[in-house]
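# Coordinates in review
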Amino acid sequence: MEEQIRLAAFNWLKDQATVYGDVLPWDLIQKGFIFNDERITLIGQSGIWKPRVFEKVPISITTTYNGPYEDESFDDGSFTYKYRGTDPFHRDNIGLREAMKKHIPLIYFVALLPGKYKAIWPVYITNDNPASLSFTVQADDSSSIISSLQNSPAEAISDDYENARRSYITSTVKSRLHQSSFRERVLHAYREQCAFCKLKHPELLDAAHIISDGDERGEPLIVNGLSLCKIHHAAFDSNIVGVRPDYKITVREDILIETDGPMLKHGIQELQDKNIILPASKSSWPDVERLSIRYEKFREAR
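Residues numbered from 1 in each chain as written. Predicted model: local features only at pLDDT ≥ 70, side-chain atom pairs only at ≥ 80, totals over all residues. Heavy atoms only, no water.

## Considerations on the pairing of strand S7 (residues 106–113)
Put simply, the rule reads: Working definition: with a 1.4 Å probe on protein chains only, accessible area under 20% of the residue-type maximum means buried, over 50% means exposed, and in between means partly exposed. Numbering of helices and strands runs from the N terminus; a helix is a DSSP stretch of H or I covering at least four residues, while a strand is a stretch of E covering at least two. Criterion used throughout: strands pair if DSSP finds at least two bridges between them.
A large share of S7 lies buried, amounting to eight of its eight residues. Inspection of the sheet shows strand S5 (residues 60–63) paired to S7 by four bridges, in the parallel sense. Each bridged residue has a counterpart across the sheet, and for Thr 63 the counterpart in S7 is Val 110. When S7 meets strand S8 (residues 116–129), the two strands line up antiparallel, connected through six bridges. Across the sheet, the residue bridging to Val 110 is Lys 118, located in S8. Where S7 hands over to S8, the hairpin turn is made up of two residues, of which Gly 115 adopts a positive phi near 85°.

## Focus on the pairing of strand S10 (residues 205–209)
Most of S10 is tucked away, with five of its five residues classed as buried. Going residue by residue along S10, you find Leu 205, Ala 207 and His 209 tucked away on one face and Asp 206 and Ala 208 tucked away on the opposite face as well. As judged from the five bridges shared by S10 and strand S11 (residues 225–229), these two strands associate in the antiparallel manner. Counted as the bridge partner of Ala 207 is Ser 227 from S11.

## Thoughts on the pattern of salt bridges
Where we set the bar: We count a salt bridge whenever a side-chain nitrogen from Lys or Arg sits within 4 Å of a carboxyl oxygen from Asp or Glu.
Evaluated as defined, the whole model comprises 21 salt bridges. Of the charged contacts in the structure, one is a salt bridge between Glu 192 and Lys 116, with a shortest N-O distance of 2.9 Å. Note that Glu 192 is positioned in the loop between helix H5 (160–189) and S10 and Lys 116 in strand S8, a separation of 76 residues in sequence. Judged by its relative accessible area of 27%, Glu 192 is partly exposed. Under the relative-accessibility criterion, Lys 116 is labelled partly exposed at 26%. Residues joined in a network through salt bridges with shared partners are Asp 140, Asp 141, Glu 162, Arg 165 and Arg 166.

## A closer look at the nonpolar core
For clarity, the threshold we go by: Put simply, a nonpolar core is a bunch of buried Ala, Val, Leu, Ile, Met, Phe, Trp, Tyr and Cys residues held in one set by side-chain atoms that sit within 4.5 Å of each other. Contact between two residues is taken to exist if any of their heavy atoms lie within 4.5 Å; hydrogens are not considered.
Phe 196, Leu 226, Leu 228, Phe 236, Val 241 and Ile 276 are the most contacted members of the largest nonpolar core, which has 30 residues in total. Elements with a minimum of two residues in this core: H5, S10, S11, helix H6 (230–237), strand S12 (241–243), strand S13 (249–251) and helix H8 (262–268). Setting aside anything within four residues of it in sequence, one finds Leu 228 in contact with Cys 194, Ala 195, Phe 196, Leu 204, Leu 205, Asp 206, Ala 208, His 233 and Phe 236. Core analysis: the next-biggest nonpolar cluster, separate from the first, contains 23 residues, Val 23, Leu 106, Tyr 108 and Leu 112 among them.

## Topic: helix H3 (residues 91–102)
Put simply, the rule reads: Expected helix span is taken as 1.5 Å per residue step, with the number of steps being one fewer than the number of residues.
With 12 residues, H3 should cover 16 Å at 1.5 Å per step; its first-to-last C-alpha distance of 16 Å lies within 8% of that length. Inspection of H3 places Asp 92, Asn 93, Gly 95, Leu 96, Arg 97, Glu 98 and Ala 99 among the buried residues, and these make up the whole buried set. For H3, the elements touching its buried residues are strand S4 (48–49), S5, strand S6 (79–82), S7, S8 and strand S9 (134–139). The positive-phi residue at the C-terminal boundary of H3 is His 103, with phi of around 60°.

The values are spatial; any link to function lies outside them.
Rendered as structure tokens:
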């Protein structure tokens, strides 16, 4: 029965992602879903969560936003998840140890902002580290779920190839996680609106890097980001528009004199010399030095 519920949980999360995107609200995942007339909750106040219908092994682990158990990295190929408290034999820690022994897949909810979680599944406990009171967690792809639930502990794959494969998958997951975190933090700082046109539909907004993330100065920080709708993000990235260090918008000269339809006129040309919409907190305003560097590149492209 527990195997069927886990599979149902993974399928339910997949369905929710098609509706909400890859970041889910707390209320949704805390409420969970119905399986055989029983409500299955996926998250709760305890970071290691076991629905009441489960005997021992949890269904999920959760990292709270700016909480004491925030994950660290051994390297890009794994997460570190802290024990529940300091007792290695707390029932929650025993449950995760059992998941490791039996190769049972879990869900990892990572808080990007209060009340907003990135769901990563399946993940596996791959090592127990009593000295640091932590477990090693790695992600896998969905094709591993059925085979892992059918395996006995003795059949669990643990060779070098499997570890390398999971390390690669986990590295990819962590990269996407950082991108999602950057987007959520930037949009939150700008009150979920475009800094150029005030569009307030989050599904149409992006977090644009001022200095690209491929540059050593392109850290995923709010001060290196702008909340932009998809059209203005593309215009900014392609140097059709630029942002001066005084937070005013400049439209490229050839675009200003071009004649086209209302989108060009009202969506781009009328931005000339307008102030961008800034975050409420001055500590989140775009970094002036980064804007200066980026604006010089815009001028060179004109």
